Amino acid sequence: MKTIKTTMLLALMLCLTVNFSNAQQAYQIHQDNVKPSKFMEYEKIAKEFQAACIEHNLQTSWFSAMSHDFKYFYVTPIENFAELDKNPFADMAKAMGDKFGEMFDRFDACYDSHGTYIIVKDDALSYSPAEDAQPAEAENYRTWFYMYYKPENAKKMREGMKAVKAMFKSKGSTEYYNVYRNGFGQMESYYFVSIPAKDAIDSAKRGEANKEVLGPDRWDTFAKVMNYTTRTEEYTGEMRPDLSYAPKED
């Protein structure tokens, strides 16, 4: 029995390793679910923390985002699972002494739940009408669509997502979006689609214009995804360059 358990464990580890190595870019996400009443206090501490990271030249990086229901996301690209064992804050914590722990105690008072998990960007399902095109203005506004599905429908969901991308391409849509999927540390299967814009008005205008481009038959294609979706969630938010961080270059 011990041999069987060991063999199964090794097989599972191998499976995880293969899936990770064949995946697109993976990201470690730290999510803080901030209490609305603590929103302003959290913002203050987050900016203090970023300033401390700059002062100590912390050797890691992340980009930040927040949803309009006060969830904050700190997103770090990772190459493999081994990176999860690293503690980039060790030297900074030692240098700051008690101040480091006190800062995180203040953070903890701002939320009742938080956690860390992995998502994976899926380039095969993402759509960009012009790969090298750069927006004339910053597009930090985001609309995020989450589509959950049962594991038994994974293949059909993926086929549906590919059909949507093909429709956008065939119709000559100038809208673009990135697709991500659940990774290690999450219990449910989902895709989420991230759509950028300059602001809420720009997002609404572009959405309406894209409906005209795709035409009324777009619903036949969307049904190839929605028929296997168990539930959806939609959020709006924004990227937060002011809370993002990267170490100084030599």
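Throughout, a residue's number is its position along its own chain's written sequence, starting from 1. pLDDT decides what is reported in this predicted model: residues at 70 or higher carry local features, side-chain atom pairs at 80 or more are listed and counted, and totals for whole chains, interfaces and linings draw on all residues regardless. Based on all heavy atoms of the structure, the side-chain values leave hydrogens and waters out of the count.

(A) Region of the structure containing the overall build of the protein. We count a stretch as a helix when DSSP gives it H or I for four or more residues in a row; a strand needs E for two or more, and each element gets its number in order from the N terminus. In terms of regular secondary structure, the protein is built from 7 helices and 8 strands. Each residue gets one of three labels from its accessible area relative to the maximum for its type: buried under 20%, exposed over 50%, partly exposed in between, using a 1.4 Å probe on protein chains only. The 250 residues of the protein split such that 36% are buried. Residues are treated as being in contact if the distance between any of their heavy atoms lies within 4.5 Å. Excluding contacts between residues fewer than 6 apart, the proportion of contacts in the protein whose partners are at least 24 apart in sequence is 84%. Accessible surface for the protein amounts to roughly 15300 Å². Of this, 55% is attributable to carbon and sulfur atoms. Shrake-Rupley sampling with a 1.4 Å probe provides the accessible areas, and residues are treated as covered by the protein chains on show and by no other component.

(B) Examining helix H6 (residues 200-214) more closely. Here H6 is 15 residues long and its end C-alpha atoms lie 21 Å apart, about the 21 Å a rise of 1.5 Å per residue gives. Burial in H6 covers these residues: Asp 202, Arg 206, Asn 210 and Leu 214. Seen end-on, H6 carries its buried residues on one side only, within an arc spanning 90 degrees. For H6, exposure combined with an orientation more than 90 degrees from the buried face picks out Ile 201, Lys 205 and Glu 212. The elements touched by buried residues of H6 are helix H5 (154-171), strand S7 (189-197) and helix H7 (218-226). You can read the cap of H6 off the contacts: a side-chain oxygen lies 3.2 Å from the backbone nitrogen of Ile 201, and it is on Asp 199. A helix is expected to span 1.5 Å for every residue after the first. Each direction from the helix axis to a C-beta atom contributes to the arc, which is the arc of those directions. Within 3.5 Å is the distance limit for a polar contact, defined as a pair of N or O atoms, with the added protein rule that one can donate a hydrogen and the other accept it, and that residues adjacent in sequence qualify only through two side-chain atoms.

(C) Representation of the nonpolar core. Residues Tyr 42, Met 92 and Phe 107 are the most contacted members of the largest nonpolar core, which totals 21 residues. When residues of this core are traced back to their parent elements, those giving at least two are helix H2 (39-56), strand S3 (71-78), helix H3 (90-96) and helix H4 (98-108). With 6 residues, H2 is the largest single contributor of residues to this core. The contacts of Tyr 42, once residues within four sequence positions are left out, are Asp 32, Val 34, Tyr 72, Tyr 74, Phe 107, Cys 110 and Tyr 111. In these notes, a set of buried Ala, Val, Leu, Ile, Met, Phe, Trp, Tyr and Cys residues joined through side-chain atoms within 4.5 Å is what counts as a nonpolar core. One finds Tyr 127, Val 164, Val 193 and Leu 214 within the second-largest nonpolar core, a separate group that totals 15 residues.

(D) Spotlight on the pairing of strand S1 (residues 26-34). Paired strands are those between which DSSP finds at least two bridges. Relative to S3, S1 is paired through 8 bridges, and the arrangement is antiparallel. Note on S3: the bridge partner recorded for Ile 29 is Val 75. Where S1 meets strand S4 (residues 111-121), 9 bridges bridge the pair, whose relative direction is antiparallel. Residue Gln 31 lies in a different strand from S4, and its bridge partner there is Gly 115.

(E) Structural context of the packing of aromatic side chains. The rule is short: rings of Phe, Tyr and Trp, with Trp giving its six-membered ring, pair when the centres are within 6.5 Å, and they are stacked under 30 degrees, edge-to-face over 60, tilted in between. Counted under the stated rule, the structure contains 26 aromatic pairs. Between Phe 39 and Phe 70 the ring centres are 5.1 Å apart and the planes differ by 55 degrees, which places this aromatic pair in the tilted class. One end of the pair, Phe 39, is in helix H2; the other, Phe 70, is in the loop between strand S2 (63-67) and S3, with 31 residues separating them in the sequence. When the ring of Tyr 42 is compared with that of Tyr 72, the centres are 4.5 Å apart and the planes differ by 45 degrees; the resulting orientation is tilted. With Tyr 42 in helix H2 and Tyr 72 in strand S3, the pair connects residues that are 30 residues apart, well separated along the chain. The two residues Tyr 42 and Tyr 72 agree in class, both being buried. Cluster of aromatic residues (ring-pair linked, three or more members): Tyr 42, Phe 49, Trp 62, Tyr 72, Phe 89, Phe 100, Phe 104, Phe 107, Tyr 111 and Tyr 245. Charges are assigned to positions over rings by a cutoff of 6 Å between ring centre and Lys NZ or Arg CZ, combined with an angular limit of 35 degrees from the ring normal. Seen from the ring of Tyr 148, Arg 231 lies directly overhead, with NZ or CZ sitting 3.8 Å from the centre.

(F) Representation of the packing of H5 against H6 in the model. To obtain an axis, a line is fitted to C-alpha atoms, over the contacting stretch when the element is a helix, and the angle between two such axes runs from 0 to 180 degrees between their N-to-C directions. Taken N-terminus to C-terminus, the directions of H5 and H6 make an angle of 85 degrees; their axes are 9 Å apart at the nearest point. For the element pair H5 / H6, the angle class is roughly perpendicular. Where H5 approaches H6, its residues Met 167, Phe 168 and Lys 171 are matched on the opposing element by Asn 210, Val 213 and Leu 214. When residues are sorted by character, Ala, Val, Leu, Ile, Met, Phe, Trp, Tyr, Cys and Pro go into the nonpolar class, Asp, Glu, Lys and Arg into the charged class, and all the rest, Gly among them, into the polar class. In terms of residue class, the contact of H5 with H6 is built from 4 nonpolar, 1 polar and 1 charged. The labels follow the angle: roughly parallel below 35 degrees, roughly antiparallel above 145, roughly perpendicular from 65 to 115, and oblique for the rest.

(G) Seen up close, unusual backbone geometry. Although it is not a glycine, Asn 57 sits at a positive phi angle of roughly 50 degrees. Structurally, Asn 57 is set in the loop between H2 and S2. Although it is not a glycine, Phe 70 sits at a positive phi angle of roughly 75 degrees. Relative accessible area serves as the criterion here: at 23%, Phe 70 is assigned to the partly exposed category.

(H) Representation of the sheet that holds S3 in the model. Strand order in the closed barrel formed by 8 strands is S1-S3-S2-S8-S5-S7-S6-S4, with antiparallel pairing between adjacent strands. Direction aside, the axes of adjacent strands within the sheet are offset by 30 degrees on average.

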